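Chain and residue survey
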Amino acid sequence: MNIAMDLTQVPRDKTGIGIFAVNLVRELLRFPFPPGKFHFYFFVQDDDEEWKNLIPNSETSSVIPIRSSIFRRLICRFFFEQVLLPRRCKKLDVQAIFSLHYTMPYFSRIPRVVTVPDLTFYLFPRLHQKIKRLYFKTLIPLSLRRSAKIVTISDSTKKDLLMRFPRVDPGKVVSIHLGVEIKNPPALALHHLEHFGL
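Quick look at the structure, then. Numbers given to residues run from 1 along each chain, matching the order in which its sequence is written. Confidence filtering applies because this is a predicted model: local features only for residues at pLDDT of at least 70, side-chain atom pairs given and counted only at 80 or more, and all residues used for totals across whole chains, interfaces and linings. Heavy atoms from the whole structure form the basis of all side-chain values; hydrogens and water molecules are not counted.

1. So, the environment of R133
- Under the scheme used here, helices are H or I runs from DSSP no shorter than 4 residues and strands are E runs no shorter than 2 residues, and both carry numbers assigned from the N terminus. Position of R133 among the secondary structure elements: in helix α6 (residues 130–146).
- Since its relative accessible area comes to 24%, R133 is described here as partly exposed.
- Along the backbone, R133 and T120 are 13 residues apart, and their C-alpha atoms lie at a distance of 9.4 Å.
- Only heavy atoms matter for contacts: two residues are in contact if any of them lie within 4.5 Å across the pair. Non-local contacts of R133, meaning those with residues more than four positions away in its chain, are made with F121, P125, R126 and H128. The buried label goes to any residue with under 20% of its type's maximum accessible area, the exposed label to any with over 50%, and the partly exposed label to all in between, with areas taken from a 1.4 Å probe on protein chains only.

And the structure:
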C-alpha cells in the first residue's frame, strides 16, 4: 500500500506540530513492516534539511522535495495541496494521503487523514494573524467533512472538536497522544494504523 504524508506545511523551525511530525515519521521508519506491505512518500519543502537527513530513499520510503522558494507562501502552498499534490499522488498510485496541519486536498478521491492539533483558531483567535484565521476557519470544516479519519493530539482537542462540530462522527476521530514514553513503539504504530483501516 502506498501512503503519502504531506509535510510541506511543517516550518523549518519546529515547535508543536513540527515536533509531532518529526517523531511520527521517525517511528514509522523504525516500524518493522512486512516486506512490500507499505511504501511511504514524504512530501517536504526542499529548504528543510532535517527531513533529508531523517528519511532515507529506500524500498519503504521516498522523499519528494518541492520548491520552498515558491511553496512556503500560503496561497502557493494551497495550490500545491489542492492541485499538484493529488495529481502526483495519483501518478504514484497512492491509496491514502495523511495531512498533518488542519487542511488537505479536498477534491481528491483518494482517502485522506487530517491532523487537527488544536482549535486555537476558534478558541483563541487573537493569537493568529487575520489572514490565517480566515483561511483556516474556512478550510477546517471542509477537512472534517471530507476526511476518512481525523487525528487529534489529545482527548481535550477531540472533545473541543466534537463540541464545536457536532455533526462530525466521533467514530472517525482518533487521538494520538503526545508526551508519553512509549515502551513498544511498533505495537502502538500498528494500533493506530488499524484505526485508519490500513
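2. Thoughts on unusual backbone geometry
- One non-glycine residue, D93, lies in positive phi territory at about 55°.
- Position of D93 relative to the elements: it lies in the loop between α4 (74–91) and β4 (96–99).
- At Y102, a residue that is not glycine, the phi angle is positive and equals roughly 75°.
- Along the polypeptide, Y102 turns up in the loop between β4 and β5 (112–116).

3. Focus on the packing of α4 against α6
- Note on geometry: axes are C-alpha line fits, over the in-contact stretch for helices, and angles between N-to-C directions span 0 to 180 degrees. Contact geometry of α4 with α6 gives a least axis separation of 12 Å together with a crossing angle of 20°. Accordingly, the angle class assigned to the pair α4 and α6 is roughly parallel. In this structure, α4 crosses over α6, and the sense of that crossing is right-handed. Between α4 and α6, the contacting residues are L74, F78 and E81 on the first element and I131, Y135 and L139 on the second.
- By the convention adopted, Pro, Cys, Tyr, Trp, Phe, Met, Ile, Leu, Val and Ala count as nonpolar, Lys, Arg, Asp and Glu as charged, and the other residues, Gly among them, as polar. Among the residues forming the contact of α4 with α6, the class breakdown is five nonpolar, no polar and one charged. To sort the angles, those under 35 degrees are grouped as roughly parallel, those over 145 as roughly antiparallel, those from 65 to 115 as roughly perpendicular, and the leftovers as oblique. Crossings are assigned a handedness: left-handed for a near helix turned anticlockwise from the far helix by less than a right angle, right-handed for a clockwise turn.

4. Considerations on the nonpolar core
- Counting residues in hydrophobic clusters, the biggest one holds 28 residues, and the most contacted among them are M5, L7, F42 and W51.
- At the level of secondary structure, the elements contributing two or more residues to this core comprise β1 (2–6), α1 (17–30), β2 (39–45) and β4.
- For L7, the residues in contact, after removing those within four places along its chain, are A21, V25, F42, F43, V44, W51, I55 and L100.
- Among buried residues, those of type Ala, Val, Leu, Ile, Met, Phe, Trp, Tyr and Cys that are joined through side-chain atoms within 4.5 Å constitute a nonpolar core. Counting 18 residues, the second largest nonpolar core, distinct from the first, contains Y102, L119, Y122 and Y135.

5. A short note on the sheet that holds strand β3 (residues 61–66)
- Paired strands, as defined in this entry, are two strands with at least two bridges between them according to DSSP. Spatially, β3-β2-β1-β4-β5-β6-β7 is the arrangement adopted by the seven strands of the open sheet, whose pairing is parallel. Of all the strands in the sheet, just β3 and β7 (173–175) have a single pairing partner and so form its edges. Across the sheet, the mean angle from the axis of one strand to that of its neighbour is 20°, orientation sign disregarded.
- Sheet topology places β1 next to β2; five bridges connect them, and they run parallel. Residue M5 lies in a different strand from β2, and its bridge partner there is F42.

6. Thoughts on the side chain of S68
- Within the element layout of this structure, S68 appears in helix α3 (residues 68–71).
- At 2.7 Å, the side chain of S68 and the side chain of D46 are in polar contact.
- Separated by 3.5 Å, the side chains of S68 and D47 make a polar contact.
- Those residues in contact with S68 that lie beyond four places of it in its chain are Q45, D46 and D47. Under the rule applied, a polar contact is a pair of N or O atoms within 3.5 Å (in protein, one hydrogen donor and one hydrogen acceptor; residues adjacent in sequence only if both atoms are side-chain atoms).

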